[in-house]
Amino acid sequence: MAYDYDSSIRPGKLPHIWCPGCGHGIVMKGLIRAMDTCELDRKNTAIVSGIGCASRLPGYLDACTLHTAHGRAAAFATGVKMAKPEMDVIVCGGDGDGTAIGGNHFIHACRRNINMTYVLMNNFIYGMTGGQFSPCTPTGDKASTTPYGNPDPIFDISKLAIGAGASFVARTTAFHATQIDKLIAEGIKHKGMAVIEILDDCPTTYGRRNKFRSVVEMMERLKDMAVPVAAAAKLPAEKLEGKILTGILHQEDKPEYTAQYAEVIKKAQGA
Amino acid sequence: MAKKVALLQGNDACAQGAVYAGCTFFGGYPITPSTEVAEVLSGELPKVGGKFIQMEDEIAAMASVIGASLTGAKALTATSGPGVSLKQELIGYACIAETPCVIINVMRGGPSTGMPTGPGQSDVMQAKWGTHGDHAAIALVPASCQEIYEETIRAFNLAEKYRMPVQVLYDEIVGHMRERVEFAEPGELEVIDREAPSVSPEEYKPYDDTKGQIPPLASYGSGYKFHVTGLNKAADGFPTTKAELVDAEERRQIDKVDDNVADIEKFETYMTEDAEVIIWAYGSTSRSARYAVNDLRKEGIKAGLFRPITLWPFPEKQTAELAKQAKAIIVPELNLGQMVIEVERVAKGDCKVAAIGRVDGEPINPGQIAGKVKEVL
């Protein structure tokens, strides 16, 4: 399939704000391909984000776009989806936005299993504010606020989403560009909360503090870290040390929130 | 035909008013003393095809309300002081993104958890200045169950007309008291819906003020694709840091209220024509003040009551006139002196201004007000 990126991008909004080598642009192209694959009518598609580099993504796309406050994307998106369930709702944002300040909204959107697709770009850092550690900065790594190395343990976002009740959880990396759109498309098709975690790179605020000499090195690390779920099943535990599983990690059929609320309306109306 | 009447709690009257106004979305979080608004709407909204959602926290409730409003729904949340404190950032978001919504604040004491079941009027300055940055504010302060019903409807009308958040503040006493409420017939009270764009989706700009101070707001999912952000923005909705655009946009959002005070203001006067002393009171405190006026008049003291129903924008003109007419203005409040600061500012020394403050969880009674009047005169 030939993709027409231009018709998805708002005229005059490029160039984007992202640094050379940042993976967010790869994710944005993947999202466009996924929306095209699913034939989403952009007039009925809300793309909602919080604050941060990744949250600037919706502004570039020609759709109903909502750039909200730090951490609150999932809660705004829940309002949109509840009020107009016929709209397709996509949330995008980063690891700090989604799992620190927005952690509560993230887990409760997962718990409700409300039908939206959350594209979470995990680049292990707060990029826009200059490289402070996030809940996903690996322990021991350097950030502008961990000059002696990060003492904090990390969130495993995908496990968090599964544990909180999301009915579709998938993970890939910015290196695996073609998998990004396939997984997002699966998430859009899925009826329920779909979380697609994409491990991403921030050469400017994470890479340079942690001895990555180039973007290529960062991309190679993402490539090396990734082990597809099916392959991992055949590997002994020691071979999975320091690796992350990629692909569809979890998928189940369970009641979707707006469908459940439609039943509430029926009961209230005595049907 | 006889009107439909009911003995209703203030919070219940608020919920009924919301339904009359066409509210189809409530996002909330439980908090005393406002919870009954949520409880009633959880039953009423789905009956009319509306949506009720109990969110994970106060901030999420406010976020859901703004999200729902952008799809075209008339959206409401209800809370109390601690909840409003949490919502403040997003109230500012609704201001800058010009998203209509209504916030009910059933006031209790504070700061912090304070006295959750006691009445307070200590959020009146928060209603104006709570969120950061310069912004306009509309806040209504009903004093009876009937008035809560009607002012909730008016709050939706003002939110839709001026494309902004409107707060309705009433203290726990009014929120939890039960009074006779007359329901309006359909069509009896004005119900305003936001103006839809008259231009095509291709031409639409969500903050284009060339045809008027309040740009029409399209709804998500109605054929219009547009961008909404909390950043300073240009007419097309996209971020800008151009000084002249930022300045013009900020000023327009404040002017739209300042230039329309006559439409937004609402107040009641009682025996003020010849009054030498004015009791300037709102909410439950105004009910004690009315008794005090009657008692003082019996004693030959020419007292009168000024009762703002719209608290913000502040009733500057009326207050200034009363300051010129009277020897003194007494401002009783269930706080330690908030609106009295505004009264002093506007009175400009034309008369004495004295406060009665109370924060012990008890109401201000008529005797306390009458006593202060005699002390000041």
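Remember, predicted model here, so these are calculated numbers, not experimental data.

Student: How do you make sense of the packing of aromatic side chains when you look at a structure like this?
Tutor: Aromatic rings considered in pairs are described by the distance between their centres and by the relative angle of their planes. This model, assessed by the stated rule, comprises 17 aromatic pairs over all chains. Pairing Y3(A) with Y5(A) gives two aromatic rings, centres 6.4 Å apart and planes at 35°, and the pair type is tilted. The partly exposed category is assigned to Y3(A), whose relative accessible area is 27%. Considering the side-chain rings of F26(B) and F52(B), the 5.5 Å spacing of their centres and the 0° angle between planes classify their relative orientation as stacked. Taken together, the residues F26(B) in strand β2 (residues 23-28) and F52(B) in strand β3 (residues 51-54) connect sequence positions 26 residues apart. Exposure class is identical for F26(B) and F52(B). Each is buried. Pairwise contacts between aromatic rings join F267(B), W280(B), Y282(B), F306(B), W312(B) and F314(B) into one cluster. Sitting above the plane of the Y270(B) ring, R290(B) keeps its charged end 4.5 Å from the centroid.

Student: I tried to follow the interface of chain B and chain A on my own but got confused; where do I start?
Tutor: Many descriptions give the size of an interface as the accessible area lost when the pieces come together. Listed by partner, the interface residues are 42 residues for chain B and 38 residues for chain A. Considering only the side of chain B, the residues that lose the most area to chain A are K51(B), E56(B) and K225(B), jointly responsible for 20% of the buried surface there. Inspection of the region where chain B meets chain A yields three salt bridges. Across the salt bridge formed by D236(B) and K13(A), the nearest N and O atoms sit 3.7 Å from each other. Residue assignment for the side of chain B that touches chain A shows that the elements contributing at least two residues are β3, α3 (58-70), α4 (81-96) and β9 (227-229) of chain B. For the side of chain B that touches chain A, the element with the highest residue contribution is α3(B), accounting for eight residues.

How each quantity is defined
Residues numbered from 1 in each chain as written. Chains lettered and ligands numbered in written order. Predicted model: local features only at pLDDT ≥ 70, side-chain atom pairs only at ≥ 80, totals over all residues. Heavy atoms only, no water. Phe/Tyr/Trp six-rings, centres within 6.5 Å; stacked < 30°, edge-to-face > 60°. Buried < 20%, exposed > 50% of the residue type's maximum accessible area, 1.4 Å probe, protein only. Helix = DSSP H or I, 4+ residues; strand = E, 2+ residues; numbered from the N terminus. Lys NZ or Arg CZ within 6 Å of the ring centre and 35° of its normal. Contact = heavy atoms within 4.5 Å. Buried area = accessible area lost by both parts, 1.4 Å probe. Salt bridge = Lys/Arg side-chain N within 4 Å of Asp/Glu carboxyl O.

Any functional reading would require information that these geometric values do not contain.
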